[in-house]
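Given next are the chains, with one letter for each unit.
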Amino acid sequence: MKKIEAKQIYKNFQDLQVLKGIDLEVGEGEVVAVIGPSGSGKSTLLRCLNKLETINSGTIIIDGETLVSTTAAGQVQYAPGNESIRIATKMGMVFQQFNLFPHMTVLENLIEAPVHVQKRPVAEATRDAEALLQKVGLLEKRDVYPRRLSGGQQQRVAIARALAMHPDIMLFDEPTSSLDPELTGEVLKTMRNLAEENMTMVVVTHEMGFAKEVARKVIFMADGIVQEQGTPVEIFEHPHNERLQAFLKSILK
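Residues numbered from 1 in each chain as written. Predicted model: local features only at pLDDT ≥ 70, side-chain atom pairs only at ≥ 80, totals over all residues. Heavy atoms only, no water.

Trainee: Quick question: what am I supposed to make of empty space enclosed by the protein here?
Mentor: Taking a probe equal in size to a water molecule and rolling it over the atoms shows the remaining empty space. In this structure the tally under the stated criterion is one cavity of 30 Å³ or more. Quantified by volume, the largest cavity comes out at close to 50 Å³. No other element matches helix α6 (residues 181-196), which puts three residues into the lining of the largest cavity. Of the residues assigned to the lining of the largest cavity, the class counts are four nonpolar, two polar and two charged. (1 Å grid on protein atoms, 1.4 Å probe; cavity = no way out; pocket = protein on both sides within 12 Å on 5 of 7 lines; lining within 4 Å. Points joined across faces, edges and corners; volume = space filled by probe spheres on them. Helix = DSSP H or I, 4+ residues; strand = E, 2+ residues; numbered from the N terminus. Nonpolar A, V, L, I, M, F, W, Y, C, P; charged D, E, K, R; others polar.)

The structure is reproduced here in structure tokens:
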């Protein structure tokens, strides 16, 4: 089953065309890595998938439900009100910056949305949160405030917080880019564990080792279009596209 189907996605910011007809398919349990130079539209694509940004034209179908489509006359139509919110929250998102609430403990960060958005009982949300903190190796930090955590720990809490909403799909936007190299490993390990549990994931990343080892499919974006896509072996060992060849040379020196 296709968890994400995005067809002909166009996105402009004023006069700047950032996405120029992107097609993306992600199957159930699939890990898709999106790579490419800065400014290629990778993060914007993720933000369009979960409606943090609205598109200028195209179609996005999440888990068989249409989030947005475009009429023959070119009119963009999102699912109405609460429907589009419900469809979008099938996806959890982890950002470059951890975006934790600084005035809340780790546990409070995790239960905030389940209790107030999903209206789940506090006791149930707390049990769930503690299990997720155990999963990311941070249960002992449940009552600590984010400022007392390392960057890697904060990002693992951010992953647990996204998982607390029970998403079907996880979107990661350069989750290790603001971390020191020694802290990157612990976050990537958490993501590898999710992949082994067959979580459907779209990961914008500059960690080529992760893309090679964990992704089933790698998409190379540049200039707002998908220049090439394929298996990790096809992309990293037998690249056809000149832009991709140049990009790999520049980062794999």
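Next, the rest of the story.
Trainee: Looking at this structure, how should I read unusual backbone geometry?
Mentor: Residues apart from glycine generally show negative phi values, whereas peptide bonds are mostly found in trans. Backbone geometry at Q8 places phi at a positive 50°, although glycine is not the residue there. Structurally, Q8 is set in strand β1 (residues 2-13). By relative accessible area, which is 38% here, Q8 ends up partly exposed. (Buried < 20%, exposed > 50% of the residue type's maximum accessible area, 1.4 Å probe, protein only.)

Trainee: Explain the environment of A215 to me, please; I cannot follow it from the model alone.
Mentor: Among the secondary structure elements, A215 is positioned in the loop between α7 (208-214) and β10 (217-222). For A215 and T231, which are 16 residues apart along the polypeptide, the C-alpha to C-alpha distance reads 7.9 Å. Excluding residues within four positions of it along the chain, A215 makes contact with V31, A33, F210 and P232. (Contact = heavy atoms within 4.5 Å.)

Trainee: Looking at this structure, how should I read the pattern of salt bridges?
Mentor: Should their charged atoms come close, side chains of opposite charge can pair. Scanning all chains against the criterion turns up 16 salt bridges. For E53, the salt bridge is made with R47, and the minimal N-O distance between the two is 3.5 Å. Across the salt bridge formed by K90 and D63, the nearest N and O atoms sit 3.5 Å from each other. Placement of the pair is K90 in the loop between α2 (81-88) and β7 (91-94) and D63 in the loop between β4 (57-62) and β5 (65-70), with a sequence separation of 27 residues. Across this residue pair, the class does not change: K90 and D63 are buried. Because the salt bridges share partners, they merge into one network encompassing K3, D63, E65, E83, R86 and K90. (Salt bridge = Lys/Arg side-chain N within 4 Å of Asp/Glu carboxyl O.)

The analysis is restricted to geometry; functional conclusions fall outside its scope.
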